[in-house]
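Observations on chain architecture
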Amino acid sequence: MIYQYHKFVAILTFIMLGSGFLFKVNFPATAQSPDPPFIYISELLYDGLTPSTEGDEFVELCNPNGAPVDLANYKVGDAEAPGHESMYQFPSTNLLPNQCMVIAKNAAQFQARFGTLPNFEVVASGKGYSDTDSVPNLEKYKQWSSGSWALANDGDELILLDPRDQIMDSLAYRNGNYELLGLEGKATAPAPQSLQRVWPFDTNAMLTDFVHTDPTPGQPTSLPTPVESPPAAILADGMQAYWGSLHAHTSYSDGAGPPFYALAMARAAGLHFYAITDHGYMIPPNKWADILSQTVQATVPNQFVALRGLEWTGKNVGHLNLFNLDAQVSRDDPRFANLVDLYAWLGTQPQVIAQFNHPAYIDGGTFNNFAYQANAAPQLFLQEIGNHGQSYKTYEAAFLQSNGLGWHVAPTNNGDTHTAHWGSDTRGRTGLVARSLTESDILEAMRARRVFATEDNNLALALRLNGAWMGATLVPNDQASLTVEVVDADAEPFTLFLYDSNLPLAVETFHAMPVQWTIKVKAQAGHFFWAKVIQEDGDTAYSAPIWIAGQSAPEPLKINEVLPAPHDQDWDSNGMADEKDEWLELFNPTSQPVGLGGWQLQDSSRKNYVIPLETIIPPNGFVIFYHAELGFALNNDQDTVTLTHLNGTIIDTFSYDHSPGYDKSFCRLPDGSHYGAEACTPTPHATNRPKAKAQPLRVNIYEAKRLTDNAWVRLTGQVTAPPGVLGSRTMYIQDETAGIMVYLPQDHRLAFALGDRVKVEGNLHTYHEEFEIVVEEASKVKLVEPGIAPPPLPIVTTSMLEPYEGYLVILTGQAVNFYGSSTFWLDDGTDPAKVYIRESTAIHKPFIERGTPLTVSGIVSQYSDQDTPSRDDYRLLPRYQTDLILPTPTPTFTPTMAVAPANWPSLLPETGF
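Quick summary incoming for the structure in this document. Values in this document were obtained by computation on a predicted structure and should not be read as measured data.

Scoring rules and cut-offs
- Residues numbered from 1 in each chain as written.
- Predicted model: local features only at pLDDT ≥ 70, side-chain atom pairs only at ≥ 80, totals over all residues.
- Heavy atoms only, no water.
- Pairing = 2+ DSSP bridges.
- Helix = DSSP H or I, 4+ residues; strand = E, 2+ residues; numbered from the N terminus.
- Core = buried A, V, L, I, M, F, W, Y, C linked by side-chain atoms within 4.5 Å.
- Buried < 20%, exposed > 50% of the residue type's maximum accessible area, 1.4 Å probe, protein only.
- Contact = heavy atoms within 4.5 Å.

1. Re the sheet that holds strand β50 (residues 689–690)
Note on sheets: strands pair through backbone hydrogen bonds, and any given pair is parallel or antiparallel. Read from one edge to the other, the open sheet built from six strands follows the order β45-β40-β39-β48-β49-β50, with strand pairing classed as antiparallel. Two strands lie at the open edges of the sheet, namely β45 (622–626) and β50, each paired on one side alone. Here strand β48 (residues 665–667) runs beside strand β49 (residues 678–681); their pairing, made up of three bridges, is antiparallel. Across the sheet, Phe666 pairs through a bridge with Ala679, a residue of β49.

Here it is, written out as structure tokens:
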């Protein structure tokens, strides 16, 4: 940049050639001035890729003069004034006209990256550096500054001194001192890019003069040569199709270079029109008018049209491009701070053309889910269906959604370019059908919505209904002619899809060009027609719709069945049975197929699933959506699912407040009814059926104890401890295999006698590690028949463990230990066993001396700490006073004396009895 007090004055004459700029620089002859020949800093790479050293940094100087310049005593460095930074001096060397030379931080590291050697290097020794003998080293110019080369990545200045030590050119970047050098605006070139002057442009404005892109050391970055405008596609009624882009950024916001350079690049890439749409809140106030000036100068009627617009970037609600406006609209201006304010302003600006940009939550927002605003709708003409901002994305479902909600928007496909590859970064194009390639005709085509979006850069697609062009709104007509035109200079085969709103209307494949295809349709109120082309290579194009005035009645679909708790079954057939197998089903009770593209499903989490375009539900048919598609999880216990029509109407809701059980569903019975959720047998894609009434598992007590927790069982056994004896809600039963506790409901009022045969239905649980059957209702315990009290089973004291838990047994031994009035231990010589007298039994324990022989009958029970169970946790629970026997005399007991009477149980696998 020319330093503000430099005596040399460069006269820049702008000569318009075609739609590009040529900058001619006239310098006074050397004989007429003592000033040394002027040299530009033309490129700077300050953020190198070489680890720790960044020796691949470089500076490029270029000669704009018509004669060679001897660089003897010219200097370059980052010391903007004499001081501590660096300055290096050139030896005598000629720089030829329009030629450049490169000064690298280190020649070897520069060569490793770029494959060629620089003209000079400045750091040739020290840790990580080596000298390259064939490359001259610049010497420090200590009269100005004695420091070493150190271009800070976070910001610095670069200075070129002439032989008189006056600043001839300078630049600053990132956090450098622009004001000191008389420079305007900030510049940046993040690795691996460099800052490059648009040769030889110099206005002392970094945003205008420089572009950041891939390094080109030794080559000035010149404006591309204008090319002939590519031929338009000839359509019916004298119309022509033109291709361009309506979304691009420059260095006036967060793009890579100035508008005039972006426009020249776009024209060189073969586009007919191009719009600069920098972020409104980022454009420096003095640059808003500059953009208009540069677009006006770049426009050449019938060759290239440049448009000025801007992008309003709402926080978390969405981004809109605005065209044909005078005011600079910024979200930082209170008048345009939010979407509501912007919509209100649009309602007062009939000349403005607005476009919904990249409509997705992750890409900035969906405009409050496209909530319709009647005051702004007349100015909303366009919506991106394709965008190449960060990576190429398409927004087909959002295009359906917005049009279904009442916005009349035509599809566009734009570069959203932030790099220095304006026009060449994507083959995607916005197509406009216009009378001619002039600014007025281009704006008129946008306003008329005669627009198509294409991923093929020379394919044209147009739609007409009864002669009216796409973008029109017509009255209903039972007999209408829908005509599609497709033109492609490459004549690629393609398949054409026609849609009535979101319902596929017709499909046809074509192999020859051009195509003009007409079919008869019924144009119903509230519908819209549009076309999609998919070429053999996958490139897709979309036409603007033709809308039919009026309202259509939404189809009465139903959320018909929900399975929220998958477990063992692979419902989605992906090879895994997991939580993602949950699903919901829709039912169509009508006699017509229904297109679901753009409809939405939502659960209580408020997450939306927008149904894809090709989804169709047949007449009286079903469609299933699995977790992997929905993107939200159905709660197992309770949830509400909502189905919303393409036009925003809530069509149905489905709620449940408890789990139906693993691999079970809730459904409407019959299909599509208004009744609430019912437990059903899962029937995806089929008529709903009620769930067969569940039955408890009929098992014996031994088998029950081997089931999983909460198993629903039905047992039959004899009462060994009636209700109330060992607790108000406790009784014990046993069969030929084992015994178990039965835990009764409160206020059960049940009474049974010893030996009664009862049927028990309940759920298996453990309480302090003892098995129990928990009964929810008293009616689930029923008397089968009266019986005779079973005799206790004699066992040795060391055997009072898990196999006998819940069983009626008898122990004989000596009292060996005591604890309080309710607990003592009995030992027959094999190991002590605990006897515990519950208060509910009213048993009086007589005074017993240690060593007293006695016999005790009762139920084996367990009461363990869950974390540290042990054999000492088992205890014998006597039921009655008669269960304590102090025989006189007490016979000596041995294990061989335990002989079972004939009526004792026949099956105790663990004991051998």
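Structure shown, so let's carry the discussion forward.
2. Some details on the sheet that holds strand β30 (residues 468–469)
Strand order in the open sheet made by the four strands is β30-β29-β32-β35, with antiparallel pairing throughout. Of all strands in the sheet, those with a lone pairing partner are β30 and β35 (515–523), marking the two edges. Across seven bridges, the pairing between strand β29 (residues 459–465) and strand β32 (residues 477–488) is antiparallel. Directly across from Leu461, in β32, lies its bridge partner Val486.

3. Description of the nonpolar core
The biggest cluster of nonpolar side chains holds 57 residues, and the ones touching the most others in it are Ile442, Met446, Leu461, Leu465 and Leu498. In terms of residue count, the dominant contributor to this core is β29 (six residues). Apart from residues lying up to four places away in sequence, Ile442 is in contact with Tyr242, Phe273, Val305, Leu307, Leu432 and Leu437. Residues Phe201, Ala264, Ile291 and Ala377 belong to the second largest nonpolar core, which totals 53 residues.

4. As for the environment of Asn636
Here Asn636 is to be found in the loop between α9 (627–630) and β46 (639–644). Residue Asn636 is classed as partly exposed on the basis of its relative accessible area, which comes to 37%. For the pair Asn636 and Arg267, spaced 369 residues apart in sequence, the C-alpha to C-alpha distance is 58 Å.

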